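Understanding the architecture of this molecule
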Amino acid sequence: MYPFIRMAKELWLAGRQPPLPFDGTHISHHRCWPWDLDFWMELNNGRTLTLYDLGRIPLARRAGLIPVLRRNRWGLTIAGSVVRYRRRITAFQRFEMHSRLIGWDHRFIYIEQSMWRGETCCGQAVFRSAVTGKAGIVPPVEVMEELGLADHPGKALPDWVQAWIAAEDQRPWPPERSA
């Protein structure tokens, strides 16, 4: 089940924090509850992706994106992700999540998120997100104009993100159907 109550709490907290610049980092604090666990008694990989929403949506709020989406009747969707799981998060452990926009290209906005226990990074994900409207994907340049960042030069995506984008561009779509 989607963590609606946890999301409401995170949005409430984000609404009481100062606005973030487009490249600011939103830091949030969480706990791994028993319903977040898998059979091996650690944070479930699928639940991890859901919990990243608890950082990404408040980041959008603090960066001023939510009012822009509402005003234009736009949506926000995930078009791809790449995830690394490196250290276990087990029941009742607290962890900190870092969420930040790392840049955009002609079509997508890229967000990096990571989960930390103290100085140890437990996992990291990069999300390819898209703002959507009636005509399909809204170009990020148009979104940045609406955010008042039309004159901002943007930020070059890191080489490793560009390599992931290039690999995704070579991946066949739709995939072959197995027999």
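Everything here concerns the structure above.
A few points on the structure. None of these values were measured; they are calculated from a predicted model.

1. Notes on the state of the cysteines
As enumerated under the stated definition, the model contains 0 disulfides in all. Cysteine Cys 32 is unpaired, with the sulfur of Cys 122 as its nearest cysteine sulfur at 10 Å. The closest cysteine sulfur to the non-disulfide-bonded Cys 121 is located on Cys 122, 6.7 Å from its own sulfur. The exposure class of Cys 121 is partly exposed, given its relative accessible area of 29%.

2. Focus on the environment of Gln 93
Tracing the chain through its elements places Gln 93 in the loop between β2 (75–85) and β3 (94–104). Judged by its relative accessible area of 25%, Gln 93 falls in the partly exposed class. For the pair Gln 93 and Leu 43, spaced 50 residues apart in the sequence, the C-alpha separation amounts to 9.7 Å. Apart from residues lying up to four places away in sequence, Gln 93 is in contact with His 30, Arg 31, Cys 32, Arg 88 and Arg 117. Looking at Gln 93, its side chain comes within polar contact range of the main-chain nitrogen of Thr 90, at 2.8 Å.

3. Here's the deal with the environment of Arg 100
As for its placement among the helices and strands, Arg 100 is situated in strand β3. Under the relative-accessibility criterion, Arg 100 is labelled partly exposed at 26%. Spatially, the C-alpha atom of Arg 100 lies 6.3 Å from that of Asp 23, the residues being 77 residues apart in sequence. With residues near it in sequence (within four places) discarded, Arg 100 still touches Gly 24, Thr 25, Leu 59, Tyr 110, Ile 111, Glu 112 and Lys 155. Separated by 2.6 Å, the side chains of Arg 100 and Glu 112 make a polar contact.

4. Quick word on the layout of surface pockets
Estimates place the volume of the largest pocket at around 270 Å³. Contributing to the lining of the largest pocket are Ala 79, Gly 80, Ser 81, Arg 107, Phe 108, Arg 128, Trp 164, Glu 168, Asp 169, Arg 171, Pro 172 and Trp 173. Put simply, the parts of the chain that give the lining of the largest pocket at least two residues each are β2 and α5 (159–170). Of the residues belonging to the lining of the largest pocket, the class tally is 5 nonpolar, 2 polar and 5 charged. The computed volume of the second largest pocket comes to approximately 190 Å³. Lining the second largest pocket are 14 residues, with Glu 42, Leu 43, Thr 48, Tyr 85 and Arg 87 positioned closest to its centre. Broken down by secondary-structure element, the contributors of at least two residues to the lining of the second largest pocket are α2 (45–62) and β5 (120–133). Residues of the lining of the second largest pocket, tallied by class, amount to 5 nonpolar, 4 polar and 5 charged.

5. Observations regarding the side chain of Arg 47
Here Arg 47 shows up in helix α2. At a separation of 2.8 Å, a polar atom in the side chain of Arg 47 contacts the side chain of Asp 36. For Arg 47, the contacting residues outside a window of four places in its chain are Met 1, Pro 3, Arg 6, Trp 35 and Asp 36.

6. Observations concerning the packing of aromatic side chains
Enumeration over the complete set of coordinates arrives at 7 aromatic pairs. Here the aromatic rings of Phe 39 and Trp 40 are separated by 6.3 Å at their centres, their planes lie at 85 degrees, and the arrangement is edge-to-face. Aromatic rings pair up to connect Trp 33, Trp 35 and Phe 92 into one cluster. Positioned above the aromatic ring of Phe 127, the side-chain terminus of Arg 56 is 4.1 Å from the ring centre. One Lys or Arg, Arg 128, reaches over the ring of Trp 164 and ends 5.4 Å from the middle of that ring.

Rules used throughout
Residues numbered from 1 in each chain as written. Predicted model: local features only at pLDDT ≥ 70, side-chain atom pairs only at ≥ 80, totals over all residues. Heavy atoms only, no water. Disulfide = S-S within 2.5 Å. Buried < 20%, exposed > 50% of the residue type's maximum accessible area, 1.4 Å probe, protein only. Helix = DSSP H or I, 4+ residues; strand = E, 2+ residues; numbered from the N terminus. Contact = heavy atoms within 4.5 Å. Polar contact = N/O pair within 3.5 Å; in protein donor to acceptor, adjacent residues only side chain to side chain. 1 Å grid on protein atoms, 1.4 Å probe; cavity = no way out; pocket = protein on both sides within 12 Å on 5 of 7 lines; lining within 4 Å. Points joined across faces, edges and corners; volume = space filled by probe spheres on them. Nonpolar A, V, L, I, M, F, W, Y, C, P; charged D, E, K, R; others polar. Phe/Tyr/Trp six-rings, centres within 6.5 Å; stacked < 30°, edge-to-face > 60°. Lys NZ or Arg CZ within 6 Å of the ring centre and 35° of its normal.

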